[in-house]
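Each chain, written out:
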Amino acid sequence: MMPLQPLPKIMVAPNGARRMKTDHPALPIDIGELAATAASCQKAGAKGIHLHVRGQDGLHSIDPGLYREAIRAVDTAAPGLFIQVTSEAGDRFAPDEQVRMIMALCPSSVSVALRELVPDAADTTAARAFYHEACEQGIGVQHIVYSPTELRWLFECVEDGTIPRGPLQLQVVLGNYGSFSAPDPAMLAQYVELIKAHSSRTLIDWMACAFGPGETDCLVAAAAAGSKVRVGFENSLWNRDGGLARDNAERVAEVRRALNVAGLLTDCQGAASPRQTLSASER
């Protein structure tokens, strides 16, 4: 098993699966826009990017060919940037389609939602096979959980062998697409309590994202609790003052400044080495 590349301290999520140009004109849709956004966000302080690709119709896609093209474009525009793809269903793709994409692409890093890969908690056979094969292939899986309840379930999946034991990379979500107020701070406290309880058993590298205008303050609170942070138009279009952000780079810059002011950017752990973003099969 290959060691996991550490998650970057700050990752930008510039578009997501649902938002369109009608939500914000600076939302990157095509691969050229994604590459340009990656470069501007890297200059603003991002050390990684969470990629969603879109088809010709502008809709969410998990096509391996589009991902390969996007990875190369971003790698050229922003050398050394940690690149992560997503398997998000986006109300379009079934678990077997997500698994086929991941195994065909064999990316260095992919975000995978536990509830999407295991839609039936009583039947983990297919998910178990995927998680173990991904581990053997050196694919870095960042597990997305949308609630403390899901995080408890994920730890149970580790205990019963559905997910291989060893270092875990997590993405904890604060709030949701329908919430435009600051998420409940109690949710963060519950995440932190669970992570601390299990950190003695395995190394946990975790990251938080937050929806709505409270994104900056939520991410600072998460970072103070030991989290890395994901920021960008996938989760919020707004700055701390409630004003609409100019672009993703402005969101990255604001969060970076806030983390600096709070004394939470004492290192750049997680900065990618050149070409680390090529797929495991290409290394």
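Just above sits the structure.
Given the structure is predicted, the values throughout are model-derived calculations rather than measurements.

1. Some points on the packing of aromatic side chains
Thinking step 1. Counted under the stated rule, the structure contains one aromatic pair.
Thinking step 2. Both rings, one in phenylalanine 130 and one in tyrosine 131, keep their centres 5.3 Å apart while their planes meet at 55 degrees; by these two values the pair is tilted. Per residue, the accessibility class of phenylalanine 130 equals that of tyrosine 131, and both read buried.

2. Some words on the environment of alanine 121
Thinking step 1. Within the fold, alanine 121 resides in the loop between helix 4 (114-117) and helix 5 (125-136).
Thinking step 2. On the accessibility criterion, alanine 121 (51% relative accessible area) is exposed.
Thinking step 3. Between the alpha carbons of alanine 121 and cysteine 157 there is a distance of 9.6 Å; along the sequence they are 36 residues apart.

3. What to know about the environment of leucine 81
Thinking step 1. Mapping leucine 81 onto the fold places it in the loop between helix 2 (64-77) and strand 5 (82-86).
Thinking step 2. Between the C-alpha atom of leucine 81 and that of isoleucine 62, which follows or precedes it by 19 residues, the distance is 21 Å.

4. Considerations on the pattern of salt bridges
Thinking step 1. On inspection of all chains with the given rule, the structure shows 14 salt bridges.
Thinking step 2. One salt bridge in this structure joins arginine 201 and glutamate 159, with 3.4 Å as the shortest N-O distance. Of this pair, arginine 201 sits in the loop between helix 7 (185-198) and strand 9 (204-210) while glutamate 159 sits in helix 6 (residues 148-159), and the two are 42 residues apart along the sequence.
Thinking step 3. For arginine 201, a relative accessible area of 54% translates into the label exposed.
Thinking step 4. In this structure glutamate 159 comes out as partly exposed when scored by relative accessible area, which is 40%.

5. A short note on the packing of helix 6 against helix 7
Thinking step 1. The interhelical angle for the contact between helix 6 and helix 7, taken along N-to-C directions, is 15 degrees, at an axis separation of 9 Å. For the element pair helix 6 / helix 7, the angle class is roughly parallel. The way helix 6 lies across helix 7 gives a crossing that is right-handed. Facing Pro148, Leu151, Arg152 and Phe155 of helix 6, the residues of helix 7 in contact are Met187, Gln190, Tyr191, Leu194, Ile195 and His198.
Thinking step 2. Split into classes, the residues belonging to the contact of helix 6 with helix 7 amount to seven nonpolar, two polar and one charged.

6. Description of the side chain of histidine 24
Thinking step 1. Relative to the helices and strands, histidine 24 is located in the loop between strand 1 (10-12) and helix 1 (31-44).
Thinking step 2. We classify histidine 24 as buried; its relative accessible area is 4%.
Thinking step 3. Reaching out from histidine 24, the side chain makes a polar contact with the backbone oxygen of alanine 245 at a distance of 2.7 Å.
Thinking step 4. Excluding residues within four positions of it along the chain, histidine 24 makes contact with Phe233, Leu237, Leu244, Ala245 and Arg246.

7. A closer look at the pairing of strand 6 (residues 109-113)
On a regular strand, each side chain points to the face opposite its neighbour's, so the side chains alternate between the two faces of the sheet.
Thinking step 1. Buried residues dominate strand 6, accounting for five of its five residues.
Thinking step 2. Along strand 6, one buried face is formed by Ser109, Ser111 and Ala113 and the opposite face, lined by Val110 and Val112, is buried too.
Thinking step 3. Where strand 5 and strand 6 come together, two bridges link them in parallel fashion. Looking at strand 6, one finds that threonine 86 is bridged to serine 111.
Thinking step 4. Bridging between strand 6 and strand 7 (residues 140-145) involves five bridges; their strand directions are parallel. What sits directly across from valine 110, in strand 7, is valine 141.

Conventions we followed
- Residues numbered from 1 in each chain as written.
- Predicted model: local features only at pLDDT ≥ 70, side-chain atom pairs only at ≥ 80, totals over all residues.
- Heavy atoms only, no water.
- Phe/Tyr/Trp six-rings, centres within 6.5 Å; stacked < 30°, edge-to-face > 60°.
- Buried < 20%, exposed > 50% of the residue type's maximum accessible area, 1.4 Å probe, protein only.
- Helix = DSSP H or I, 4+ residues; strand = E, 2+ residues; numbered from the N terminus.
- Salt bridge = Lys/Arg side-chain N within 4 Å of Asp/Glu carboxyl O.
- Axes fitted to C-alpha atoms, helices over the stretch in contact; angles between N-to-C directions.
- Parallel < 35°, antiparallel > 145°, perpendicular 65-115°, else oblique.
- Left-handed = near helix turned anticlockwise from the far one by under 90°.
- Contact = heavy atoms within 4.5 Å.
- Nonpolar A, V, L, I, M, F, W, Y, C, P; charged D, E, K, R; others polar.
- Polar contact = N/O pair within 3.5 Å; in protein donor to acceptor, adjacent residues only side chain to side chain.
- Pairing = 2+ DSSP bridges.

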